[in-house]
Structures are given as structure tokens and as C-alpha cells.
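Commentary on secondary and tertiary structure
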Amino acid sequence: MPSVPPDVADFVAASSQLPERTLDAIRQTTAAAVASGAYDLSAVPALSASQFSTLNKWVRDAFAPRGDELSAGRRGGLRSAISCTTLTAQAIWKRDRLTADQYVSLTGAFTAHGLLPPDHAPGTAGH
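Note that residues are indexed from 1 along each chain, following the sequence as it is written. Reporting in this predicted model follows two pLDDT cut-offs: at least 70 for local features of residues, and 80 or more for side-chain atom pairs to be given and counted; totals over whole chains, interfaces and linings ignore these cut-offs and use all residues. Side-chain measures were taken over the full set of non-hydrogen atoms in the model, leaving aside hydrogen atoms and water.

1. Considering the packing of helix α5 (residues 77-93) against helix α6 (residues 100-112)
Viewed as axis vectors pointing N to C, α5 and α6 meet at an angle of 140 degrees, and their least axial separation amounts to 9 Å. Judged by the angle between their axes, α5 and α6 are oblique. The chirality of how α5 crosses α6 is left-handed. Taken together, the residues of α6 that come into contact with α5 (itself represented by C84, T85, T88, A91 and I92) are Y103, L106, T107 and F110. Working convention: axes come from line fits to C-alpha atoms, limited for helices to the stretch in contact. Angles between N-to-C directions cover 0 to 180 degrees. Runs of H or I in DSSP of at least four residues are treated as helices and runs of E of at least two as strands, each being numbered from the N terminus. Working rule for angles: under 35 degrees goes down as roughly parallel, over 145 as roughly antiparallel, 65 to 115 as roughly perpendicular, anything else as oblique. Take the far helix as your reference; a near helix turned counterclockwise from it by less than a right angle gives a left-handed crossing, and one turned clockwise gives a right-handed crossing. Pairs of residues are marked as contacts when any of their non-hydrogen atoms sit within 4.5 Å.

Printed below as a string of C-alpha cells:
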């Protein structure tokens with residue numbers, strides 16, 4: 001199984017520590033962006049099956065200690081936190097496949113709420 005890149009692992013760790021209110025705000029920001037077309041789910045770069053399996057486990061393990069807390073808050077809070085974090089982590093992992101605008105779009109909900117992802121690797125999108 002592949003390992004999660006350090007910058008992705010750092011993002012997941014930081015995301016899993018965000019307050020419940022912030023995670024809910026990220027959920028709402030993402031939903032609004034998807035509804036308006038500003039967030040294109042089809043732009044999220046696909047990982048190989050083994051990469052996705054590794055990332056999925058990493059994210060779920062990071063949020064596991066907060067499962068009761070996030071499930072007790074807004075309905076779907078834990079599932080949403082895991083989903084938003086996983087999609088953004090995929091964008092970070094494969095950011096070399098994204099244009100700068102796509103990267104900003106896919107990471108923007110976290111950025112807007114104070115969690116800065118790694119810089120986009122300029123000049124490498126599309127290669």
C-alpha cells in the first residue's frame with residue numbers, strides 16, 4: 001500500500017482538529033459552491049484504488065476519536081467532515097494535475113475557514 005504524502009497527512013491532521021462549527025461551515029461552503037457550479041466535483045483528481053484506500057483509512061482514523069462529538073452535532077457531521085477532507089486531500093495529493101484555478105476551487109472552503117493547504121505547484125498542471 002502506498003503511504004500518504006507528508007503534505008496530505010499534515011492537512012488531514014489539521015482538518016481533523018478543526019472545531020465542529022468550522023467543519024460545519026466548510027460543509028455549508030462546499031455545498032453552496034457545488035450548487036453554484038463554483039466547485040466542480042468532476043475536477044477532483046482520481047487516486048488509484050490503493051491510494052484512495054490508504055487515504056480513506058487515514059482520514060477515517062484521524063476523525064475516529066471525534067466520532068461521537070461530530071455525530072452528536074449536526075446530522076451527517078462526521079460523514080461530511082470525512083468527505084470534505086477526503087476530496088480536498090485528493091486535490092492536494094494530485095495538485096500537479098490541476099490548474100491553479102481548479103486547485104483554489106477545490107481547497108477554497110478550507111482556506112476560507114483558516115486552514116491553508118500547501119501551495120499549488122505552479123507550471124505543472126496538465127502534465
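Having seen the model, we can carry on.
2. Regarding the environment of V8
Relative to the assigned elements, V8 resides in helix α1 (residues 6-16). Classification of V8 as buried rests on a relative accessible area of 0%. For the pair V8 and Q90, spaced 82 residues apart in sequence, the C-alpha to C-alpha distance is 8.2 Å. Residues in contact with V8, not counting those within four places in the same chain, are L55, A89, I92 and W93. Relative accessibility decides the category of a residue: with a 1.4 Å probe and only protein chains considered, values under 20% of the type maximum give buried, values over 50% give exposed, and everything between is partly exposed.

3. With respect to the environment of R60
Examined against the element boundaries, R60 turns out to sit in helix α3 (residues 49-63). Accessibility expressed as a relative area gives 44% for R60, which makes it partly exposed. In the structure, R60 is positioned 44 residues away from S16 in sequence and 9.3 Å away in space, judged by C-alpha atoms.

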